[in-house]
Amino acid sequence: MRTIDGSEIDLPQDVFSAWRGRLRGPVLTSADAGYEDSRTVWNGMIDRHPAMIARCLGTNDVIECVRFARANNLLLCIKGGGHNIAGLAVADGALTLDMSLMRGVWCDPSRRIARAQAGCLLGEVDRETQVHGLAGVMGFISLTGAAGLTLGGGIGYLTRRWGWTADNVAGMDVVTADGRLVRACPDENSDLFWALRGGGGNFGIVTGFDYVLHDVGPEMVGGAVAWPASDARGVLEMYRTLAEQAPRELTLVSLIRPAPAAPWLPTEWHGKPIVMLLACHTGRPDEGEKAVAPIKSWGKPIGDVLARRPYVQMQSLLDATQPKGRRYYWKSEYLPRVEAALCDTMIEHASRIRSPYSSMILFQMEGALNELDANHSPVGNRDARYLLNIAAAWERPEDDAEHMEWARTTWSELRRFSTGGTYINFLTEDEGAERMQAALGGALPRLAHVKTRWDPENFFRSNRNIRPE
Ligand SMILES: Cc1cc2nc3c(=O)[nH]c(=O)nc-3n(C[C@H](O)[C@H](O)[C@H](O)COP(=O)(O)OP(=O)(O)OC[C@H]3O[C@@H](n4cnc5c(N)ncnc54)[C@H](O)[C@@H]3O)c2cc1C
């Protein structure tokens, strides 16, 4: 096994067996069925082999693992949904805590709070809260892990109304580096509560999140409309104009990419370049229909599935486009606005896409998050109004260089439109200190201070690591 300082050790069998006997959940090694599934993450570029994977079944398992790892100086990783593009959930030789058996969600409609265990995927939280016509601020793909997303910020279709996911957390249960269970909320351990809302898993292992809920759905208006990429200039201009006037109930996302083989797009268009708008209106459906009417009547779409639908369906509309196991490489920037020159540059570089799966995406996020104080949480970036993601995706390792080069070149041309900030949850493996600075900016010194208090020996280091002072 690998120790925290990188050396290798063999654990005596009796030490290992005693620890194993204290756990409710299974421990997997490479000889066990389930190890492969558990060690692999969403991004097929990441191929790491933990020495052991503990599939925790409850908070006590997490505490036992932390104490065992501390006592034996082991390198520890935490896997939520395994969606982090940099593969932060797994490391060679480490003890990985796989949280995916901890998926309970309890919704309290009277307090408008959902308590979700740390292994939940976003769609699982949505499904339980929608039983009550409520929703928390989750992301755009329902298979993403709630834990990693929340701890790094979290944006989705409800962000314009209520801010980052992290702005909508009322409290967390946390296992600390010394193996204690503590509460982090505004009245208890408020420094820890502040730091966890953007600073990632640097300060402890969260076992449960209390999400603030809002009235949403169950029926709403949402979906997608697609046109040939030759219409991109006009569609992006419409996107820009509509987004600037859109009520907060409406969130617009634009994409340029080769058409996916989706059943709502004609077969003859599959693989050909298209421009697409996604719209999600979470207010009254009749108002939603009026708000999206200009999109539906624009030009001659090749496909249109923008209609009344259940909110949970909207939340999983894009899932099939992002399967686990493909190779992925992203570059992203926050933007203060969408300007004509940005759109022109995007269109130019979209024409260089050589993979059927790559895309350029503009997420609208302007609204509630801009109104909170810069120090409200370390997610910061309160001047961000759009998020640009240059998302390369492909299948064969031998094509890595070509698609990564596309993303990097496109990014170097589009960077000039940025606020200077970037999203920590979208950073790839090769993005280091400079990009951490761009993501967390002025919050870094205060985060280092909190780290010193809660994890002075930097035990939690398999993350976007913040070193103690
Ligand atoms: C297809 C796709 C779609 C996405 N869509 C969105 C989106 O719409 N909005 C958005 O904001 N982001 C989105 N993201 C980015 C997403 O927020 C990050 O990838 C995030 O890290 C995923 O969380 P996870 O639990 O799946 O990650 P993991 O890879 O499991 O973990 C990521 C990091 O969090 C730490 N961690 C996980 N669980 C815990 C815990 N319980 N306690 C402490 N630390 C923990 C891990 O150690 C690791 O450092 C998307 C990513 C993908 C791949």
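Residues numbered from 1 in each chain as written. Predicted model: local features only at pLDDT ≥ 70, side-chain atom pairs only at ≥ 80, totals over all residues. Heavy atoms only, no water.

Draft legend 1. Structural context of the pairing of strand S13 (residues 250-258). Among the 9 residues of S13, 9 are classified as buried, and the element is accordingly described as predominantly covered. In this structure, S13 lies alongside strand S14 (residues 273-281), joined through 9 bridges in antiparallel fashion. Considered in S14, the bridge of Pro 258 is made with Pro 273. Sheet topology note: the S13/strand S18 (residues 359-364) ladder contains 4 bridges and is antiparallel. Within S18, the residue paired with Ser 254 across the bridge is Leu 362. (Buried < 20%, exposed > 50% of the residue type's maximum accessible area, 1.4 Å probe, protein only. Helix = DSSP H or I, 4+ residues; strand = E, 2+ residues; numbered from the N terminus. Pairing = 2+ DSSP bridges.)

Draft legend 2. Highlighting the packing of aromatic side chains. Considering all chains together, one arrives at 15 aromatic pairs under this definition. Ring geometry for Trp 42 against Tyr 328: centres 3.7 Å apart, planes inclined by 20°, an arrangement best described as stacked. Here Tyr 328 lies in strand S17 (residues 327-335) and Trp 42 lies in the loop between helix H2 (35-39) and strand S2 (52-55), a separation of 286 residues in the sequence. Members of the aromatic cluster, joined through ring pairs, are Trp 42, Trp 164, Tyr 328, Trp 330, Tyr 334, Tyr 423 and Phe 426. Seen from the ring of Phe 459, Arg 70 lies directly overhead, with NZ or CZ sitting 5.1 Å from the centre. Lying over the aromatic face of Phe 193, Arg 197 brings its terminal NZ or CZ to 4.1 Å of the ring centre. (Phe/Tyr/Trp six-rings, centres within 6.5 Å; stacked < 30°, edge-to-face > 60°. Lys NZ or Arg CZ within 6 Å of the ring centre and 35° of its normal.)

Draft legend 3. Representation of helix H3 (residues 59-71) in the model. In a regular helix each residue adds 1.5 Å, so 13 residues correspond to 18 Å; H3 covers 18 Å between its end C-alpha atoms and thus fits that length. Of the residues making up H3, those classed as buried are Asp 61, Val 62, Ile 63, Glu 64, Cys 65, Val 66, Phe 68 and Ala 69. (Expected span 1.5 Å × (residues − 1).)

Draft legend 4. A look at the sheet that holds strand S1 (residues 27-28). With respect to topology, 4 strands assemble into an open sheet ordered S1-S2-S4-S3, the strand pairing being mixed. Because the sheet does not close on itself, it has two edges, and the strands there are S1 and strand S3 (76-79). The sheet contact formed by S1 and S2 spans 2 bridges and is antiparallel. Paired with Val 27 across the bridge in S2 is Ala 54. Across the sheet, H3 is in contact with S2, S3 and strand S4 (95-98); its angle to S4 comes to roughly 170°. (Contact = heavy atoms within 4.5 Å. Axes fitted to C-alpha atoms, helices over the stretch in contact; angles between N-to-C directions.)

Draft legend 5. A look at unusual backbone geometry. Gly 217 connects to Pro 218 through a cis peptide bond whose omega is 0°. By secondary structure assignment, the location of Pro 218 is in the loop between strand S11 (214-215) and strand S12 (219-228). Unlike most non-glycine residues, Asn 73 shows phi in positive territory, near 60°. Considering the arrangement of structural elements, one finds Asn 73 in the loop between H3 and S3.

Draft legend 6. Highlighting helix H4 (residues 122-130). Most of H4 is tucked away: 7 of the 9 residues are buried. Looking at H4, one finds that the buried residues are Leu 122, Gly 123, Glu 124, Val 125, Asp 126, Thr 129 and Gln 130. Summarising the contacts, the buried residues of H4 are in contact with strand S5 (105-108), strand S6 (113-117), strand S7 (134-135), helix H5 (146-152), strand S10 (205-212) and helix H10 (311-315).

Draft legend 7. Just the sheet that holds S5, in detail. The strand order across the open sheet formed by 5 strands is S5-S6-S10-S8-S9, and the pairing between neighbours is antiparallel. Of all the strands in the sheet, just S5 and strand S9 (181-184) have a single pairing partner and so form its edges. Mean inter-strand twist for the sheet, computed between neighbouring axes without regard to direction, equals 15°. When strand S8 (residues 169-175) meets S10, the two strands line up antiparallel, connected through 6 bridges. What sits directly across from Met 172, in S10, is Phe 209. The strands that H4 touches are S5, S6 and S10; relative to S5, the one it contacts most, it runs at about 35°.

Draft legend 8. Focus on the pattern of salt bridges. This structure, assessed with the given rule, holds 41 salt bridges. The shortest N-O distance in the salt bridge between Asp 108 and Arg 111 comes to 3.8 Å. For Arg 111, a relative accessible area of 54% translates into the label exposed. Taking the shortest distance from any N to any O, the salt bridge between Glu 289 and Arg 308 comes out at 2.8 Å. In this pair, Glu 289 sits in helix H9 (residues 285-296) while Arg 308 sits in strand S16 (residues 307-310), placing the two residues 19 residues apart along the sequence. (Salt bridge = Lys/Arg side-chain N within 4 Å of Asp/Glu carboxyl O.)

Draft legend 9. Looking closely at the packing of helix H7 (residues 190-199) against helix H14 (residues 444-454). In the contact formed by H7 and H14, the axes pass within 10 Å of each other and the chain directions differ by 120°. Taken as axis vectors, H7 and H14 run oblique relative to one another. Classified by chirality, the crossing of H14 by H7 is left-handed. In contact with Asp 191, Leu 192, Trp 194, Ala 195 and Gly 199 of H7, H14 contributes Arg 446, Leu 447, Val 450, Arg 453 and Trp 454. (Parallel < 35°, antiparallel > 145°, perpendicular 65-115°, else oblique. Left-handed = near helix turned anticlockwise from the far one by under 90°.)

Draft legend 10. Focus on the site of the ligand. Around the ligand, the structure places 33 residues, and the nearest of them are Gly 80, Gly 82, Phe 140, Ile 155 and Tyr 423. Contact distances for the ligand include 3.1 Å between an oxygen atom and a backbone N or O atom of Gly 148. A distance of 3.1 Å separates an oxygen atom of the ligand from a polar side-chain atom of Asn 425. Burial of the ligand by the protein amounts to 97% of the accessible area it has alone, namely 960 Å². At the level of elements, S3, H5 and S10 are the ones that each hand at least two residues to the shell around the ligand. The element contributing the most residues to the shell around the ligand is H5, with 4 residues. (Near = heavy atom within 4 Å. Polar contact = N/O pair within 3.5 Å; in protein donor to acceptor, adjacent residues only side chain to side chain. Areas by Shrake-Rupley, 256 points an atom, 1.4 Å probe, with all protein chains shown as cover.)

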